[in-house]
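Structural features, examined
Single-letter residue listing:
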Amino acid sequence: MDENRSMDFTNKAWDVLYGAVDSNYFRDRDANLIYSALRERMKFIPFGEYLKRYIYRQACLEEPFKEVPLKEYQQIIKGAFSDNNTPQSFDPTTAKLSALSKKWLTQQTVRRKVVFLLGFGLGMSVDDVNGFLTKGLREQGINAKNPFEVICWYCYKNGFGYPTFEKLWRIYNETPPNSLDVKLLYSDLTIGARNAMNSINSEAALITFVSKLKTDNNCPQHSVTAKKCFDELYTRAREIVAGIYNNDETEKHRKGQQRVYTIDDITESDLEHIISSAIPVDRHGNLTPSKVSKLNAQFAGKRFSRQHISEVLAGNTEVTRFDLITLNFFIYSQTLDEYANIKARYISFVESTNKILESCFLGELYISNPYECFVLMCILSVDPLGTYADVWEMSYEE
C-alpha cells in the first residue's frame, strides 16, 4: 500500500498543495510558500515516468518500484509487442524496438502517434490511451475528427489488435473520395463528432464515418469546441480588463486616453499586460524568455503571451488545456465578491474548469501537472491574481 502511494502522482501532488495552503503562514506568505513548494517538491512528470508506472502496475511487479531496472521495462515492452503482433512503428523504420522503447521510457515527451502504437503493443483500453494523451502528453483525448485516431479507437474499443488496424487502415486509404453515401449525423464541434464516433458499431459504419472525414476538406483537425470555449472566456476576460482600465487612472495615463474603455479597445497585449504583469520584458516589450524562469522546468513554458493568443485567435495553433485554465483562473480572480468564502470560490472554480475541459475532451484538472497545482494554490489565497504574479516574479529574480 505504501509502495502504491509513493508511486501515485496525484497523492504526491495533493501532499504538496496541502503542505503549502494548510500552513499557519499561508495567509501572509502565500506566494513564498507556493514558490518553495513548486521549486522544492513539485516536478514536471516526464512521459517516461507515466509509462513506467503503467507497466509496473499492469505487470504486477513485486520488487519496489524505484528498484526496477530500465532493461526490465524494455523486456516487458518487447514481449508485449511480440504477443500482440505489433511492429516497432506505424511507419517503416530500421530502428530496433529495444532502442525505441528506451527512448519512450526516458523521454520528457513523445509524439502523439507513439501513444497509439503503445495502445496496440501493450493491449491498452480506450481509457488507458485517453489517460496517456490527457495526462502523459497533456493533450486532447482521442480525436474524433482524425481518421487514424478513430480507427485506432475502434480497435481498442473492440479488443482488436494491430493486424485488424492495419487491415482497416488499408481499406480507408483505398476508399476513393466521395464513393460512399455518408448519412451520419456529424458536427465540426468536438462533442458532435464524438457522439457520431460513439455510434459506430461495425466495420462498415467505421469506414463510412472516416470516409466523411477524408472527403470533407473543410473539416478542421483543431478542436472547434475548444476554440469556442476559448473565445467565450477571452471575451469575458477582455470585458474585465476594460473595467480594470476604466477604474485605473494610471492605466488611462499610460494609454494616453481619458475616454471609457470598451471590449473593442482590449487587445492581446492588454491581456498579456494584466495576466503576465510580473514577468520582465526586454527593450522591445517582449516577455523575457521562459528558460530564464526558475520554474521553467515545472511549467514547461505555460505562459500566457500575446503572441500565443494571436496564434490561437487566428486558428494557427491548437487551444491547449492551459489556455482555458489560465483564462478561467483570471476571470475567477477578478470576481471574488461572488463567493461567500475562499472554499466556495475554490469549489466553483474546480467545477467550472472541469466542465470546460471535459467538454473539449481534455480531461479534468490534473493536480500532478505543476502549473495546475500552482493555479489551485493561488485560487485558495486571499488575492489569487496578486499571488499568481508574485510567484512568477520570484521565479525570474536572480
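Structure first, text after, so check above.
Bear in mind the structure is a predicted one, so any value in this text is a computation, not a measurement. Every chain is numbered independently, its residues counted from 1 as its sequence is written. Reporting of local features is limited, given that this is a predicted model, to residues whose pLDDT is at least 70; pairs of side-chain atoms are given and counted only at 80 or more, and all residues count toward the totals for whole chains, interfaces and linings. Side-chain metrics in this entry use all non-hydrogen atoms of the structure; hydrogen atoms and water are not considered.

What to know about the packing of aromatic side chains
Within 6.5 Å between ring centres, the rings of Phe, Tyr and Trp (the latter by its six-membered ring) count as paired, and their orientation is classed by plane angle as stacked under 30 degrees, edge-to-face over 60, tilted in between. The tally for this structure, following the rule as stated, stands at 34 aromatic pairs. When the centroid spacing of 5.3 Å and the interplanar angle of 85° are considered together, the rings of Tyr56 and Phe65 count as edge-to-face. Residue classification places Tyr56 among the buried positions, given a relative accessible area of 5%. For every residue, the accessible area (1.4 Å probe, protein chains only) is compared with the maximum for its type, and the residue is labelled buried under 20%, exposed over 50%, or partly exposed between those bounds. For Phe65, a relative accessible area of 8% translates into the label buried. Measuring from centroid to centroid gives 5.1 Å for Phe374 and Tyr388, while their planes differ by 20°, and the two rings are stacked. Taken as a pair, Phe374 in helix 20 (residues 370-379) and Tyr388 in helix 21 (residues 384-396) lie far apart in primary sequence, 14 residues in all. For the residue pair Phe374 and Tyr388, the accessibility class agrees, reading buried in each case. Through pairs of rings, three or more aromatic residues link up here, namely Phe90, Phe116, Phe120, Phe148, Tyr156, Tyr162, Phe165, Trp169 and Tyr172. To qualify as a helix, a DSSP run of H or I must reach at least 4 residues; to qualify as a strand, a run of E must reach at least 2; elements of each kind are numbered from the N terminus.

Section: the state of the cysteines
Disulfides are covalent bonds that connect the sulfur atoms of two cysteines. Defined by distance alone, a disulfide is two cysteine sulfur atoms within 2.5 Å. If you walk through the whole model with that rule in mind, you get zero disulfides. The thiol of Cys155 is unpaired, and the distance to the nearest cysteine sulfur, on Cys152, comes to 6.7 Å.

What to know about the pattern of salt bridges
Opposite charge on two side chains makes pairing possible when the charged atoms of those side chains draw close. Note on definitions: salt bridges are taken to be side-chain nitrogens of Lys or Arg within 4 Å of carboxyl oxygens of Asp or Glu. Within this structure, the stated rule accounts for eleven salt bridges. Arg112 is the partner of Glu139 in a salt bridge, and the nearest nitrogen-oxygen pair spans 3.1 Å. In this pair, Glu139 sits in the loop between helix 8 (126-136) and helix 9 (147-158) while Arg112 sits in helix 7 (residues 112-121), placing the two residues 27 residues apart along the sequence. You can call Arg112 buried: its relative accessible area is 19%. A salt bridge links Arg112 to Glu149; its shortest N-O distance comes to 2.7 Å. Here Arg112 is found in helix 7, whereas its partner Glu149 is found in helix 9, with 37 residues between them in sequence. Put simply, Glu49, Lys52 and Arg53 are held in one network by salt bridges that share partners.

Side note on the environment of Met197
On the secondary structure map, Met197 appears in helix 11 (residues 190-198). Between the C-alpha atom of Met197 and that of Asn143, which follows or precedes it by 54 residues, the distance is 9.8 Å.

What to know about the packing of helix 18 (residues 321-333) against helix 20
A fitted line through C-alpha atoms represents every axis, and for helices the fit uses only the stretch in contact; the resulting angles, taken between N-to-C directions, go from 0 to 180 degrees. For the pair helix 18 and helix 20, interaxial distance at closest approach is 11 Å and the crossing angle is 5°. Between helix 18 and helix 20, the angle is such that the two are roughly parallel. Residues Arg321, Phe322, Ile325, Thr326, Phe329 and Tyr332 of helix 18 touch helix 20, and the partners they reach there are Tyr371, Glu372, Val375, Cys378 and Ile379. When residues are grouped by polarity, Ala, Val, Leu, Ile, Met, Phe, Trp, Tyr, Cys and Pro land in nonpolar, Asp, Glu, Lys and Arg in charged, and all others, Gly among them, in polar. Considering only residue class, the contact of helix 18 with helix 20 consists of eight nonpolar, one polar and two charged. An angle below 35 degrees is read as roughly parallel, one above 145 as roughly antiparallel, one from 65 to 115 as roughly perpendicular, and any other as oblique. Residue contacts are counted whenever heavy atoms from the two residues lie within 4.5 Å of one another.

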